[in-house]
Structure formats: structure tokens, C-alpha cells
Amino acid sequence: MKLVLVLAALSALLLLNACATDCHNQSAHGQSHRAIFAAQPVNPDAPANPAPAMFLPGNISNDIYQKRYLPSMTEKKSEKDEKLETQFGN
């Protein structure tokens, strides 16, 4: 019974010790996070501008999509993949 009480007291002390650290109460906590988000806005006055955004014509936006985004999103086949396909008859 004494062993159980001693173990309970030690575990309680260990748990309370975890709350005693002051790493999250430092004055610099979160400054890097706030600095990164402060550097992100391209146009900080954009919410105050009620004018609608300019849209690209359909053919120009389709060309941009075909040239920039589709190649970066598709996988390129290598010789190894082609050999596997012909070897197993896929």
C-alpha cells in the first residue's frame, strides 16, 4: 500500500512539474509567426477597394492553364515505367 501511495505522489509531482515551465510565457513567443503573416500581403489596401477584380479573357486564361499548371500536375513517364508496362502487358 505504501508503494502505491509513493508512486501516486511521484506521478503527481511529475505532472505538476510539467505545468511549472515558463517556455510559453516568454515575451517573444509567436513573434516569428506574426512576422511571417505580416510579410505576406501583396496589397494591404485590397479590402478597402470595392472595385471588382479584373478577369482575364477565356482564351488567355486557358493558355496559362495549359502551359503552366497542367505540366506541373502531370507525372512524367520514365523508361522504367515503360518497361514495366510492356513487361506485364498493361
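Residues numbered from 1 in each chain as written. Predicted model: local features only at pLDDT ≥ 70, side-chain atom pairs only at ≥ 80, totals over all residues. Heavy atoms only, no water.

Participant: What should I look at first to understand the overall build of the chain in this one?
Facilitator: Of the regular secondary structure elements, the chain holds 4 helices and 0 strands. Moving toward the C terminus, one meets the helices and strands of the chain in the order α-α-α-α. Surface accessibility of the chain: about 9,000 Å² in total, with carbon and sulfur atoms responsible for 62%. (Helix = DSSP H or I, 4+ residues; strand = E, 2+ residues; numbered from the N terminus. Areas by Shrake-Rupley, 256 points an atom, 1.4 Å probe, with all protein chains shown as cover.)

Participant: Explanation requested: a nonpolar patch on the surface in the structure shown.
Facilitator: A cluster of nonpolar side chains, namely Leu3, Val6, Leu7, Leu10 and Leu13, defines an oily patch on the protein surface of about 510 Å² accessible area. Considering the arrangement of structural elements, one finds Leu7 in helix α1 (residues 2–19). (Patch = residues over 30% accessible without salt bridge, like charges linked within 9 Å, V, L, I, M, F, W, Y side chains within 5 Å. Salt bridge = Lys/Arg side-chain N within 4 Å of Asp/Glu carboxyl O.)

Participant: Help me out: how do you make sense of helix α3 (residues 58–73) in this one?
Facilitator: Given 3.6 residues per turn, any residue in an α-helix points the same way as the ones three and four places further on. Here α3 contains 16 residues, and its C-alpha end-to-end distance of 21 Å stays within 8% of the 22 Å for a straight helix at 1.5 Å per residue. Where α3 bends most, at Gln66, the angle is about 35°. (Expected span 1.5 Å × (residues − 1). Bend = angle between axes of the 7 residues up to and from the residue.)

Participant: In this structure, what is going on with the confidence of the model for the chain? I would like to understand it.
Facilitator: A low pLDDT means the predicted coordinates there should not be read in detail. On average, residues of the chain carry a pLDDT of 75, and 69% of them reach 70 or more. Across the chain, α1 holds the top mean pLDDT of 86, while helix α4 (residues 79–88) sits lowest at 60. (pLDDT = per-residue confidence, 0-100.)

Participant: Which parts of the structure should I look at to understand α1?
Facilitator: With 18 residues, α1 should reach 26 Å at 1.5 Å per residue; the first-to-last C-alpha distance of 26 Å fits that figure. Little of α1 is tucked away, with 0 of its 18 residues classed as buried. (Buried < 20%, exposed > 50% of the residue type's maximum accessible area, 1.4 Å probe, protein only.)

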